[in-house]
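Chains, contacts and geometry: an overview
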Number of protein chains: 2
Amino acid sequence: MGDVYKALADPTRRAILDELQDRSGQTLFELCVRLTGKGFTSSRQAISQHLAVLTEAGLVVVRREGRYLFIDLDTSPLRQIYDRWRVGPCESDT
Amino acid sequence: MGDVYKALADPTRRAILDELQDRSGQTLFELCVRLTGKGFTSSRQAISQHLAVLTEAGLVVVRREGRYLFIDLDTSPLRQIYDRWRVGPCESDT
DNA sequence: TTGACATGCAAGTAAACACTTGCCTATCGT
DNA sequence: ACGATAGGCAAGTGTTTACTTGCATGTCAA
């Protein structure tokens, strides 16, 4: 399985995760349109390659139906980050 | 300020954070020795450059005393990751 | 069946990145 | 003062990465 940290290193990939958190189950084409609308200039191919990285990292799950590719968010791989360096997410600041 | 995500993208930098979490306030030289002991082959210059990236990201704080450079861990910039994609770190799994 | 639509695949390019090399500065012990 | 120690700076190198370009595949509607 791929590297979650490396997957998060790119701003466009983070924007994809943001977009999927806002609306999971989007089509690749939808994703491209909405990212373009938010100022990202990435082409479809670029986004497709980013999705491959995110899928490798387990942050995204992909299912193909007909000619559509539906993309779902899975944030569970992020937990390893939370577990590795405990910043105390449950404790509030003083 | 630098990019926290990009700072975490490198395995050696993550090992530095691990090492500092185990013992914060280490010297650069100590850090080099202990990382070498754990199988990392990075030179002092390489580690110094990694520290610059970590410092830029706010994950590490550096103070110079005499000829020693003391390095302290600061995990607080990680909180932005926790806040961005809520994976529910406080809820236990079912 | 034909054409438009949604996506896949692969080679090439330019920039970013991690690391080395070589030398320089500053501090401490003796 | 002198040598040894701890670290800094900067140019050069090789690899990785993000992106483009061009074409191929598969699906649906008419």
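Rules of the game
Residues numbered from 1 in each chain as written. Chains lettered and ligands numbered in written order. Predicted model: local features only at pLDDT ≥ 70, side-chain atom pairs only at ≥ 80, totals over all residues. Heavy atoms only, no water. Helix = DSSP H or I, 4+ residues; strand = E, 2+ residues; numbered from the N terminus. Buried < 20%, exposed > 50% of the residue type's maximum accessible area, 1.4 Å probe, protein only. Contact = heavy atoms within 4.5 Å. Areas by Shrake-Rupley, 256 points an atom, 1.4 Å probe, with all protein chains shown as cover. Lys, Arg positive; Asp, Glu negative; His and termini not counted. Charge placed at Lys NZ, Arg CZ, Asp CG, Glu CD. Near = heavy atom within 4 Å. Polar contact = N/O pair within 3.5 Å; in protein donor to acceptor, adjacent residues only side chain to side chain. Pairing = 2+ DSSP bridges. Phe/Tyr/Trp six-rings, centres within 6.5 Å; stacked < 30°, edge-to-face > 60°.

Some remarks on the overall build of chain A
- In terms of regular secondary structure, chain A is built from five helices and three strands.
- Each helix and strand of chain A, ordered N terminal to C terminal, gives the series α-α-β-α-α-β-β-α.
- Seen along its three principal axes, the alpha-carbon backbone of chain A occupies a region of about 50 × 30 × 20 Å.
- Looking at chain A as a whole, 40% of its 94 residues qualify as buried.
- Once local pairs closer than 6 in sequence are excluded, the contacts in chain A between residues at least 24 apart make up 54%.
- When the accessible surface of chain A is split by element, carbon and sulfur atoms take 50% of a total near 5,300 Å².
- Side chains of chain A give 13 positive and 13 negative charges; the mean places of these two sets differ by 6 Å.

With respect to the protein's contact with DNA strand D
- Close contacts around DNA strand D come from 21 residues, with A:R13, A:Q49, A:H50, B:T27 and B:F29 the closest.
- The sugar and phosphate moieties of DNA strand D supply 66% of its atoms located within 4 Å of the protein.
- A distance of 2.8 Å is found between a phosphate oxygen of DNA strand D and a side-chain nitrogen or oxygen belonging to A:R13.
- Contact distances for DNA strand D include 2.3 Å between a phosphate oxygen and a side-chain N or O atom of A:H50.
- Of all the elements in the fold, those that place two or more residues in the surface near DNA strand D are α2 (11–22) and α4 (44–56) of chain A together with α3 (28–37), α4 (44–56) and β3 (68–73) of chain B.
- Broken down by element, the surface near DNA strand D gets its largest block of residues, four residues, from α4(A).

Description of the sheet that holds β3(B)
Residue and element names in this part refer to chain B.
- The strand order β1-β3-β2 describes an open sheet built from three strands, whose pairing is antiparallel. Looking along the sheet, the strands with just one partner apiece sit at the ends: β1 (26–27) and β2 (60–65).
- Where β1 lies against β3, two bridges are found, and the strand directions are antiparallel. Within β3, the position partnered with Q26 by the bridge is I71.

Here we look at the sheet that holds strand β1 (residues 26–27) of chain A
- Read across the sheet, three strands follow the order β1-β3-β2 (chain A) without closing on themselves; strand pairing throughout is antiparallel. In this open sheet, the two strands that pair with only one neighbour each are β1 and β2 (60–65) of chain A.

A short note on the side chain of B:T27
- Within the fold, B:T27 resides in strand β1.
- Other than its neighbours up to four places away in sequence, B:T27 contacts B:Y68, B:L69, B:F70 and B:I71.

Some points on the environment of A:D18
- Structurally, A:D18 can be placed in helix α2.
- According to the relative accessible area criterion, A:D18 is partly exposed, its value standing at 28%.
- Linking A:D18 and A:L54, residues 36 residues apart in sequence, is a C-alpha distance of 13 Å.
- Sequence-distant contacts of A:D18, that is, excluding residues within four places in its chain, are made with B:R84 and B:W85.
- In terms of polar contacts, A:D18 uses its side chain to reach the side chain of B:R84, at 2.6 Å.

What to know about the packing of aromatic side chains
- Summed over the entire model, instances satisfying the criterion amount to five aromatic pairs over all chains.
- For the ring pair A:Y68 and A:F70, a centre distance of 6.3 Å and an interplane angle of 45° mean the geometry is tilted.
- Overall, the relative accessible area of 42% leaves A:Y68 in the partly exposed class.
- On the numbers, 6.0 Å between centres and 65° between planes, the contact of B:Y5 with B:W85 is edge-to-face. Taken together, the positions of B:Y5 in helix α1 (residues 4–8) and B:W85 in the segment after α5 (79–84) put the pair 80 residues apart, joining distant regions of the chain.

Details of the pairing of β2(B)
Residue and element names in this part refer to chain B.
- Pairing between β2 and β3: six bridges, direction antiparallel. Directly across from R63, in β3, lies its bridge partner F70.
- Here β2 folds back onto β3, and the loop between the two strands holds two residues, one of which, G66, carries a positive phi near 60°.

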